[in-house]
Amino acid sequence: MISKNTAQQIVDTVKDVCGYDINYISVNGIITASTDQKRIGDYHEIGRRAAVEGQTLEVYDDNTYEGAQKGVNIPFTYHGAVLAVIGITGEPDEVRRYARLALRIMRMLLRERDLDASRELKRAEFSYVAKALVHHEAISFEYLTDFLKVKGLDYHDPSVAVIIRLKISDRSRNITAYENRSEMLLSEIPQSLYAYDYPDKYILICSEKAFAENREKIRQMTELPANVAVGSVHSLNRIHRSYEDALLTLNASVSAYAEFDSLGIELLFSELPSYVKERFLKKALGALNQTDLDLLKAYFENNQSLKITSQDLYIHKNTLQYRLERIQQITGFDPRNVNDAAVLIAAIKLHSLMQKGSGLPADN
């Protein structure tokens, strides 16, 4: 069946090319779409005959047949069945040459529609399988095995789950473009399947081998922009464990791209209640300002090297020493002492994570 909207699109497209009025006539002879709006709903006798006989019929005089004007009426066959008749109004000798063009345009439009429907069906199947796997839901083993075989995967293959969370502040702003770009990139990864998880996430499942070979391509998805979190390696039948680790990574990391296996102290904070985190920050960082935090971050990133840190911050070593002493006085923790430094490092990591969660700029 062809919807009225599609039928109207067909007649409008053909008229744009040939300039003559076009009617889309159902197999029972009713004009269901037309570039002459007042004819919609009329009975078209010659159109009905063309559909029944399966051949082109021409009319040389108006009103020779009920509801028909002079012109050419062409039955359209698709997948072995007459779907409709296209009527071109005008002198048959003038409009006849547009008959084959009309059929080609109609066939092209329907093939495009069928292709879109096929894509949607595949997308739905991918989504069903991917979500069943990551959420550890029941699914027919025979169906799953056959599906995975087509994708070049095996139920026992070592695999990873990846979460791509789109960073779109305004959901009305070009969301389709983001989704199309995401799916184009994901479809290029072999031995994989993916699903869209409303409202803003994609779930990618791929073999460990495919992930290793496409790591940089997956990392580049942060440019969409998006946050990308990679779970741990598990056999495909336990991929829900990898997905759980990817979720943890997504919430625990301040980086746009992060892998579970690269997380350290961030894991300790992932399940802590908010009030515990806030009390720890208040105790560890006290009344430090952003300049102090930036200094500590640089100091620890440079392995507590006074020389390198002072160079990075464009300050004298004595100034750096003074500011470190000031931080000790404010917090009670000495950044130069290994035990105290561990507390401050943890606090800075947590501070960055909580900035990320609040939507404030994170320290990267």
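The rules we used
- Residues numbered from 1 in each chain as written.
- Predicted model: local features only at pLDDT ≥ 70, side-chain atom pairs only at ≥ 80, totals over all residues.
- Heavy atoms only, no water.
- Helix = DSSP H or I, 4+ residues; strand = E, 2+ residues; numbered from the N terminus.
- Rg over C-alpha atoms; globule rule 2.2 N^0.38 Å.
- Buried < 20%, exposed > 50% of the residue type's maximum accessible area, 1.4 Å probe, protein only.
- pLDDT = per-residue confidence, 0-100.
- Contact = heavy atoms within 4.5 Å.
- Axes fitted to C-alpha atoms, helices over the stretch in contact; angles between N-to-C directions.
- Parallel < 35°, antiparallel > 145°, perpendicular 65-115°, else oblique.
- Left-handed = near helix turned anticlockwise from the far one by under 90°.
- Pairing = 2+ DSSP bridges.
- Core = buried A, V, L, I, M, F, W, Y, C linked by side-chain atoms within 4.5 Å.
- Nonpolar A, V, L, I, M, F, W, Y, C, P; charged D, E, K, R; others polar.
- Phe/Tyr/Trp six-rings, centres within 6.5 Å; stacked < 30°, edge-to-face > 60°.
- Lys NZ or Arg CZ within 6 Å of the ring centre and 35° of its normal.

Caption draft 1: Looking closely at the overall build of the protein. Counting its regular elements, the protein contains 15 helices and 11 strands. The C-alpha radius of gyration of the protein comes to 33 Å, more than 25% above the 21 Å expected for a compact globule of 364 residues. Viewed in the frame of its principal axes, the protein has a C-alpha envelope of about 105 × 45 × 35 Å. In the protein, which comprises 364 residues, the proportion classed as buried is 43%.

Caption draft 2: Spotlight on the confidence of the model for the protein. The predicted model of the protein averages 87 in pLDDT, with 95% of residues at 70 or higher. Contacts for the low-pLDDT stretch residues 358–364, under 50 throughout, to residues beyond four places or in other chains number 13 contacts.

Caption draft 3: Main features of the environment of Tyr 194. Among the secondary structure elements, Tyr 194 is positioned in strand E7 (residues 192–197). Sequence separation between Tyr 194 and Tyr 128 is 66 residues; the distance between their C-alpha atoms is 9.7 Å. Among all residues touching Tyr 194, those that are not within four sequence positions of it are Phe 126, Ser 127, Ala 130, Glu 183, Leu 186, Ser 187, Tyr 202, Ile 203 and Leu 204.

Caption draft 4: How the structure looks around the packing of helix H1 (residues 4–18) against helix H4 (residues 99–134). Contact geometry for H1 and H4: axes closest at 10 Å, N-to-C directions at 140°. As summarised for this structure, H1 and H4 are arranged oblique, according to the angle between their axes. Of the two elements, H1 crosses H4, and the hand of that crossing is right-handed. For the pair H1 and H4, contact is made by Thr 6, Gln 9, Ile 10, Thr 13, Val 14 and Val 17 and by Leu 101, Ala 102, Ile 105, Met 106, Leu 109 and Leu 110, respectively.

Caption draft 5: Expanded view of the pairing of strand E5 (residues 81–89). Alignment of strand E1 (residues 22–26) against E5, held across five bridges, turns out to be antiparallel. Paired with Ile 22 across the bridge in E5 is Ile 88. The sheet contact formed by strand E4 (residues 71–78) and E5 spans eight bridges and is antiparallel. Across the sheet, the residue bridging to Thr 77 is Val 82, located in E5.

Caption draft 6: Structural context of the nonpolar core. Counting 24 residues, the largest nonpolar core has Ile 22, Tyr 24, Ile 86, Ile 88 and Met 106 as the members making the most contacts within it. Top element by residues in this core is H4. It accounts for six residues. What Ile 86 contacts, discounting residues up to four positions off in sequence, is Ile 10, Ile 22, Asn 23, Tyr 24, Val 72, Asn 73, Ile 74, Ala 102 and Met 106.

Caption draft 7: Region of the structure containing the packing of H4 against helix H5 (residues 141–150). Relative to each other, H4 and H5 sit at 115°, their axes nearing to 12 Å. Handedness of the crossing formed by H4 with H5: left-handed. Together, Glu 125, Phe 126, Tyr 128, Val 129 and Leu 133 of H4 and Tyr 143, Leu 144 and Phe 147 of H5 make up the contact between the two elements. Split by residue class, the contact of H4 with H5 holds seven nonpolar, no polar and one charged.

Caption draft 8: View of the packing of aromatic side chains. Inspection of the entire model under this criterion finds 10 aromatic pairs. Aromatic side chains Phe 126 and Tyr 194 sit 6.3 Å apart centroid to centroid with 80° between the ring planes, which places their arrangement in the edge-to-face category. Of the two residues, Phe 126 is situated in helix H4 and Tyr 194 in strand E7; the sequence distance between them amounts to 68 residues. Each member of the pair, Phe 126 as well as Tyr 194, is classed as buried. Over the ring of Tyr 257 we find Arg 219, and its NZ or CZ is 4.2 Å from the ring centre.

Caption draft 9: Here's a closer look at unusual backbone geometry. Along the chain, Tyr 198 connects to Pro 199 via a cis peptide bond; the corresponding omega equals 10°. In this fold, Pro 199 is placed in the loop between E7 and strand E8 (201–207). Not every positive phi belongs to a glycine, and Gln 191 is a case in point at roughly 50°. One can find Gln 191 in the loop between helix H6 (175–187) and E7. Its identity as a non-glycine residue notwithstanding, Tyr 314 has a phi of 60°, on the positive side. Tracing the backbone through its elements, the reader meets Tyr 314 in the loop between helix H13 (306–313) and helix H14 (317–331). Overall, Tyr 314 belongs to the exposed group, its relative accessible area being 77%.

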